[in-house]
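Given next are the chains, with one letter for each unit.
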Amino acid sequence: MEEMTVEEHVEELRKRIIVIIIALLTACFFIYPFTDRMISSIKNFYLIEGVRIIALNPVETIIARINISIFTALFLISPLVIYELYMFIKPALIENEIRTLKNFSFFAYLLFFTGILFALFILLPLATKFLLRYTISSGITPMLSLSNLVNYIVLVAFIFGLVFETPIVVYLLVRFGITSSKEIAEKRRYVYVAVFIVGAMITDPSPLTQIMVALPMILLFELGLYFAKNYESSL
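Attention here is on the structure that accompanies the text. (Residues numbered from 1 in each chain as written. Predicted model: local features only at pLDDT ≥ 70, side-chain atom pairs only at ≥ 80, totals over all residues. Heavy atoms only, no water.)

This next bit is on the packing of helix α2 (residues 35-46) against helix α3 (residues 60-89). Where α2 contacts α3, the axes come no closer than 10 Å and their chain directions differ by 90°. As the angle between them shows, α2 and α3 are arranged roughly perpendicular. Taking contact as the criterion, the partners of Thr35, Asp36, Met38, Ile39 and Ile42 in α2 are, on α3, Arg65, Ile68, Ser69 and Thr72. Residues that form the contact of α2 with α3 fall into these classes: four nonpolar, three polar and two charged. (Axes fitted to C-alpha atoms, helices over the stretch in contact; angles between N-to-C directions. Helix = DSSP H or I, 4+ residues; strand = E, 2+ residues; numbered from the N terminus. Parallel < 35°, antiparallel > 145°, perpendicular 65-115°, else oblique. Contact = heavy atoms within 4.5 Å. Nonpolar A, V, L, I, M, F, W, Y, C, P; charged D, E, K, R; others polar.)

In structure tokens, the structure reads:
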């Protein structure tokens, strides 16, 4: 294959960015009319009785709806973004690297997607309702800014998407010789304790609820450790 010049690489990147932008704008256009329903779903799913959602300025509702459209669109077109990035760097890779990249990309996206769903449908409803009940029990009436609420939900979902990449992080730490599976396994008890402490801080005192939050993160840690051990045994 003939090597591309710098100008050709830039042009190729520009074309792929344009495709992503067009897809994003198109998705936003179709999602925006449904954002009112999405805001209603947020109120019903994440909030409790006695909590008010307020707008701090005249344009906050419009901005919040636009943000919801953008965040949802990015989530929906993320496979396209990954594909375009993959096609851009593919010419610079050899066959083995292409196969490895495909496997890692699919697994990483699956974990990130699962982490977002876990945050949206399990963690956030439990944590948000618990924190709001705690606020009300302290004699404080919670009034949440719509934009802040949307940003909070998106931020937590994104963070847990990254947290669910734990197996890949553990594997890569061992793969590049930064640590060993034995050293990581020796710190297992500290990881478990830290996970349950975080679960206790953000959810109600029910052991079942804390287990629901902590168990997926523990399983992810053990999955990464399993992959790391397999890699070491193959050397």
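Glancing now at the side chain of Thr179. Relative to the helices and strands, Thr179 is located in the loop between α6 (166-175) and α7 (181-186). A polar atom in the side chain of Thr179 sits 2.5 Å from the side chain of Glu183. Sequence-distant contacts of Thr179, that is, excluding residues within four places in its chain, are made with Leu173, Val174 and Ile184. (Polar contact = N/O pair within 3.5 Å; in protein donor to acceptor, adjacent residues only side chain to side chain.)

The gaps of empty space that remain are located by a probe, the size of a water molecule, rolled over the atoms. Summed over the entire model, instances satisfying the criterion amount to one cavity of 30 Å³ or more. Here the largest cavity defines a volume of roughly 30 Å³. As for the largest cavity, its lining consists of Leu13, Arg16, Ile17, Ile20, Glu84, Leu85 and Phe88. Only α1 (6-31) and α3 provide two or more residues apiece to the lining of the largest cavity. With four residues, α1 is the single largest residue contributor to the lining of the largest cavity. For the lining of the largest cavity, the per-class residue count stands at five nonpolar, no polar and two charged. (1 Å grid on protein atoms, 1.4 Å probe; cavity = no way out; pocket = protein on both sides within 12 Å on 5 of 7 lines; lining within 4 Å. Points joined across faces, edges and corners; volume = space filled by probe spheres on them.)

Right, let's get into the environment of Arg189. Looking at where Arg189 falls in the secondary structure, it is placed in helix α8 (residues 188-202). Using a relative accessible area of 59% as the deciding quantity, one classes Arg189 as exposed. Linking Arg189 and Asn44, residues 145 residues apart in sequence, is a C-alpha distance of 38 Å. (Buried < 20%, exposed > 50% of the residue type's maximum accessible area, 1.4 Å probe, protein only.)

Buried residues of α6: Pro167, Ile168, Val170, Tyr171 and Val174, and no others. Taken down its axis, α6 places every buried residue within 165° of arc, on the same side. One or two steps after α6, the chain reaches Gly177, where phi turns positive at roughly 75°. (Arc of directions from axis to C-beta.)

Turning next to the pattern of salt bridges. One pass over the structure, following the stated rule, counts five salt bridges. Between Asp36 and Arg65 there is a salt bridge; the shortest N-O distance is 3.5 Å. Of this pair, Asp36 sits in helix α2 while Arg65 sits in helix α3, placing them 29 residues apart in sequence. Put simply, Glu222 and Arg188 hold a salt bridge, and the shortest N to O gap is 2.6 Å. Residue Glu222 is located in helix α9 (residues 207-233), and its partner Arg188 is located in helix α8; the two are separated by 34 residues in the primary sequence. Given a relative accessible area of 25%, Arg188 falls into the partly exposed group. (Salt bridge = Lys/Arg side-chain N within 4 Å of Asp/Glu carboxyl O.)

On the surface, Phe45, Phe121, Ile122, Leu208 and Met212 cluster together into a nonpolar patch covering about 470 Å² of accessible area. Contributions of two or more residues to the nonpolar patch are made by α4 (95-137) and α9. Along the polypeptide, Phe45 turns up in helix α2. Of the residues examined, Phe45 reaches a relative accessible area of 34% and is grouped as partly exposed. (Patch = residues over 30% accessible without salt bridge, like charges linked within 9 Å, V, L, I, M, F, W, Y side chains within 5 Å. Areas by Shrake-Rupley, 256 points an atom, 1.4 Å probe, with all protein chains shown as cover.)

All right, on to the packing of aromatic side chains then. This structure, assessed with the given rule, holds twelve aromatic pairs. Plain terms: the ring middles of Phe29 and Phe30 are 5.3 Å apart, the flat faces sit at 85° to each other, and that makes the pair edge-to-face. Ring pairing ties together the aromatic residues Phe45, Tyr46 and Phe121, which thus form one cluster. Looking at Arg65, its charged tip hangs above the ring of Tyr32, at a distance of 4.3 Å from the centre. (Phe/Tyr/Trp six-rings, centres within 6.5 Å; stacked < 30°, edge-to-face > 60°. Lys NZ or Arg CZ within 6 Å of the ring centre and 35° of its normal.)

Geometry only, nothing functional implied.
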